[in-house]
Amino acid sequence: MEAPLQKLQSVHLNNGLLLDVQDADNGAALVGQLPPKRTSSKALVKKHRAHLKAQEAAAATMGNNGATGSGSPASQMDDPRPVKQVVLADAYPASTRSIRDLEIILLDELKVETHHDGKGLILKAATPAYRGVGAVSVVVDAAGNADKLAIYNHSDTSLLSNLPEGCVVAVKEPYYKYNGTPHDYMICVDHPSDVVLLRFNDPLIPKALRPATEEAKAALSKSPEAWRSAGDMAFLQRDFPTAAYCYTEALETVSDKASTFAADVYTKRAGVNLLLGRYDGARDDALVSRTGSAATDWRAYFTAAKATYGLCRYPESRGYFEQALSLAKQSTPTPTPSPPPTTTTNAAVDGPLQREHERCLARLREETEGSDAAYDFPAMYASLSLAKNQVHLDRGSFLRRTAVRRSAFHGNGLFALEPIGVGELVFVEKAAFMPNQYYDPTRASAALYATMVRQMCDNPSVAVEVLQPLYGGDSIVRTGHEGELVDGVPVVDVFLAETIRLKNCFSAPLATLDDCRPENASAGASASAPRLMAKGLWKHASYLNHSCVPNTMRSFLGDVMISRAVKPIAAGEEVFQQYIPVKADVRARQAELQAGWGFQCICPLCSRDTTPEAQAGHAHRRTLLQAAEKLASKHAPHRLPPDAAVRTMERLARQMTASYDETSRVADAYGPGQPRLGLVYPTMWLLRAHRCRHRHAKVVQYAEQTLQCFGYSRPPHSTDGNGAATMYSKPGASPLHTVHVVSALVYGAEAHRVLGQADEADAFEAAARLGLRMVTGFSDDLEVINEDNMAGR
Ligand SMILES: C[S@@+](CC[C@H](N)C(=O)[O-])C[C@H]1O[C@@H](n2cnc3c(N)ncnc32)[C@H](O)[C@@H]1O
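Remember, predicted model here, so these are calculated numbers, not experimental data.

Thresholds, definitions, all that
- Residues numbered from 1 in each chain as written.
- Predicted model: local features only at pLDDT ≥ 70, side-chain atom pairs only at ≥ 80, totals over all residues.
- Heavy atoms only, no water.
- Helix = DSSP H or I, 4+ residues; strand = E, 2+ residues; numbered from the N terminus.
- Buried < 20%, exposed > 50% of the residue type's maximum accessible area, 1.4 Å probe, protein only.
- Contact = heavy atoms within 4.5 Å.
- Areas by Shrake-Rupley, 256 points an atom, 1.4 Å probe, with all protein chains shown as cover.
- Near = heavy atom within 4 Å.
- Polar contact = N/O pair within 3.5 Å; in protein donor to acceptor, adjacent residues only side chain to side chain.
- Nonpolar A, V, L, I, M, F, W, Y, C, P; charged D, E, K, R; others polar.
- Pairing = 2+ DSSP bridges.
- Axes fitted to C-alpha atoms, helices over the stretch in contact; angles between N-to-C directions.
- Expected span 1.5 Å × (residues − 1).
- Left-handed = near helix turned anticlockwise from the far one by under 90°.

A. Spotlight on the overall build of the protein. Summing up its helical and strand segments, the protein has 28 helices and 21 strands in all. Looking at the 793 residues of the protein, the share that counts as buried comes to 51%. Excluding contacts between residues fewer than 6 apart, the proportion of contacts in the protein whose partners are at least 24 apart in sequence is 69%. Counting only carbon and sulfur atoms, one obtains 54% of the accessible surface of the protein, whose full area is about 34300 Å².

B. Seen up close, the site of the ligand. Near the ligand, the surroundings consist of 15 residues, among which His410, Asn412, Asn545, His546 and Trp597 are the closest. Taking histidine 410, its side chain carries an N or O atom lying 2.7 Å from a nitrogen atom of the ligand. Taking 570 Å² as the accessible area of the ligand by itself, protein coverage stands at 95%. Contributing elements (two or more residues each) for the shell around the ligand: α16 (494–504) and β18 (545–546). Of the residues belonging to the shell around the ligand, the class tally is seven nonpolar, seven polar and one charged.

C. Local environment of the sheet that holds strand β13 (residues 425–430). What the three strands build is an open sheet, ordered β13-β20-β19; its pairing is antiparallel. Edge strands, defined here as strands with exactly one partner in the open sheet, are β13 and β19 (552–557). Neighbour-to-neighbour, the strand axes of the sheet open up by a mean angle of 15°, direction not taken into account. Where β19 meets strand β20 (residues 560–565), six bridges bridge the pair, whose relative direction is antiparallel. Within β20, the residue paired with leucine 557 across the bridge is valine 560. Of the strands in this sheet, β19 and β20 are in contact with helix α28 (residues 758–776), which crosses β19 at around 65°.

D. Inspection of helix α5 (residues 240–253) at higher detail. In a regular helix each residue adds 1.5 Å, so 14 residues correspond to 20 Å; α5 covers 20 Å between its end C-alpha atoms and thus fits that length. α5 sits mainly inside the fold: 10 of its 14 residues count as buried. Buried residues of α5: Phe240, Pro241, Ala243, Ala244, Tyr245, Cys246, Tyr247, Glu249, Ala250 and Leu251, and no others.

E. Fine view of the packing of helix α8 (residues 294–310) against helix α11 (residues 352–369). The N-to-C vectors of α8 and α11 enclose an angle of 35°; their axes lie 11 Å apart at closest approach. As α8 packs across α11, the resulting crossing turns out to be left-handed. Contact with α8, carried on its side by Trp298, Phe302, Lys306 and Tyr309, involves Pro352, Leu353, Glu356, Arg359, Cys360 and Arg363 of α11 and no other residues of that element. The class makeup of the residues in the contact of α8 with α11 is six nonpolar, no polar and four charged.

F. A look at the side chain of arginine 676. Mapped onto the elements, arginine 676 comes out in the loop between α23 (643–666) and α24 (680–692). For arginine 676, a relative accessible area of 13% gives the class buried. A distance of 2.9 Å separates the side chain of arginine 676 from the side chain of aspartate 661, its partner in a polar contact. Among the polar contacts made by the side chain of arginine 676, one reaches the main-chain carbonyl oxygen of tyrosine 670 at a distance of 2.9 Å.

G. Quick look at the sheet that holds strand β12 (residues 412–416). Strand order in this open sheet of four strands is β11-β12-β21-β18, and the pairing throughout is mixed. Each of the sheet's edge strands pairs with one partner strand only, and the pair in question is β11 (402–406) and β18. The pairing of β12 with strand β21 (residues 574–577) spans two bridges and is antiparallel. Counted as the bridge partner of phenylalanine 415 is glutamate 574 from β21.

Right, here's the structure in full:
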């Protein structure tokens, strides 16, 4: 399999610099060939050491200068680790074969720009690694050949992320890359599962690569007890990856895996795995560590409960908590004789175990009840803080009202399992992955990719749940072995991870509620200063197909996505979301969907907008809209625009209305209940301009017109309190709900009240409150969208 040479880029997350842009043209002639000349081992090591020295010196100089800005060692400690940006054009699958089934070759057999299918390398790191976007070291093979090895995407929890000097690794089905300058090549490992750390006494290691020093030889003959002590030492130094490694060696070398010694080491490794976020391993180790004695087994179940809590598998976690509680009670049941008679002195039961169990029960309540009360959204909102790193909220996912089914639109979709009323929760989902990094889109994407890959490497079950089922485009190849353990590590295909990320991730503000405030709504919206958002992946929401006029709306509180119905949804009906805010111009929005997600939308809005009759008036309406936008750019509506500007905008709105009316006469388009999105902009401008001038009757007029532009009728009065829901529930209509609908309702209510029309004002206000809850996920505080709060801006 020969990959074409591509321009390869690496993105440095700390400063967004492109670090490694190569012009690969010089290497094109060498594709599939042995390199004409090899650099000697001595020269490679010398150059590498010089490079390391220069890096150290640069770091020391920056430190001495007291540099604390981005790029300084101090700031890099806090910054996310650099990450390689994978280039999908270069995609190749991860190896799914054991190193033991591959033909072992030598470095001088590697061909340039070639994936060596069916082949493997056994290599020893001859130098300490240089760490940038990956770990780069000089490696040697059994014949004494040397070359450079770069491994990317390794989790910090693995010793391989540092590629320590002296370690011996197996590289499966290696890719040999031309590095852009003459005679410069490198073995490039993108998939973390394509490289495996070998134990020093692994029979695969050729004699020439076996430990030479007395110290290393002594390590080979270390007793299980000595490995355990080494693990304890590393643990005390908080070097958890090394501790896990040592405990593993202790377990590999102990003869009786069922001994109390082994149980003790399993317990220790479970604890370390828990600290490292390797929850699958923590649970498995904890369960293996059971000895049949209640006095120790309650701890094993407690660890298993915490590990499965970390994986958000609350029913399983509750099971372990219950076992832990029951055993803990048995182990030290010392009832106190004096009152109260039922209390025990068991600190575990009364302390952390009980507390953690209750926390788990709270998650289960959220998952099953899914009510506003169970979640307490205002408390979630109040707890959010970027500065304090509080964006990951401790909450369960309420998913039971919807399920994945085959969709008539595309592949799988999400379907309602029961009727869902307007404004009700459709689902609430905690992100599977969402780094706490609110960046511009490129850096936020890189951060999400890195988080996904690391968490999947650390937890095979997570890799299976993501890499096997989620849609990743039509061209991606799956082997069916994603997440499977091969040579002790889960198969993680980083190109597949990236394409899944691309198709399924969502951008999330810290809180949608804050995004709705007029003073924030336009902030950071330009291309040169894009709005800062985190990117995350929500597994259940990944099944949502798009509609420009969807029946749900999403909002965010930290890493929790809230989905509410904006129309009544019948049992069995497909649930849709809007992937991106809908543009009035159908060609522009179709182009965006095609470019981002590869499909042509056929929702009711797009179907109508693309008929020949609708298209006939399209060019005219676009010209009118451009004129309206130009006028609005000169005169902000809330800053008392001159009369002439108001008259011009009214004329443009009339002309636009006439154009829609004309289309509506000849086709089933743009009638009542069908949005006229081109009119939204001028109508909203007029609504705000008249509000600013206190022309209340005009405000009412344009509030109603704005509602019509989105496909709604004015909210009816009702004595039973259902008027608001009625507005959003018109059968057969395909309206579009946005925060602008809420603004129109709020300003309409305000004007009605000033005009003494209390019933109308109440109806508008009730509809606004319901509408705002759907937009923000929970709040109906209309003060949030009051434009008066941004006076002077
Ligand atoms: C996040 S996935 C949605 C779930 C996907 N249908 C599945 O089978 O898992 C996004 C992909 O679904 C497809 N898709 C979403 N909405 C669509 C629509 N309205 N019409 C056609 N394809 C759609 C596109 O291929 C898009 O890249």
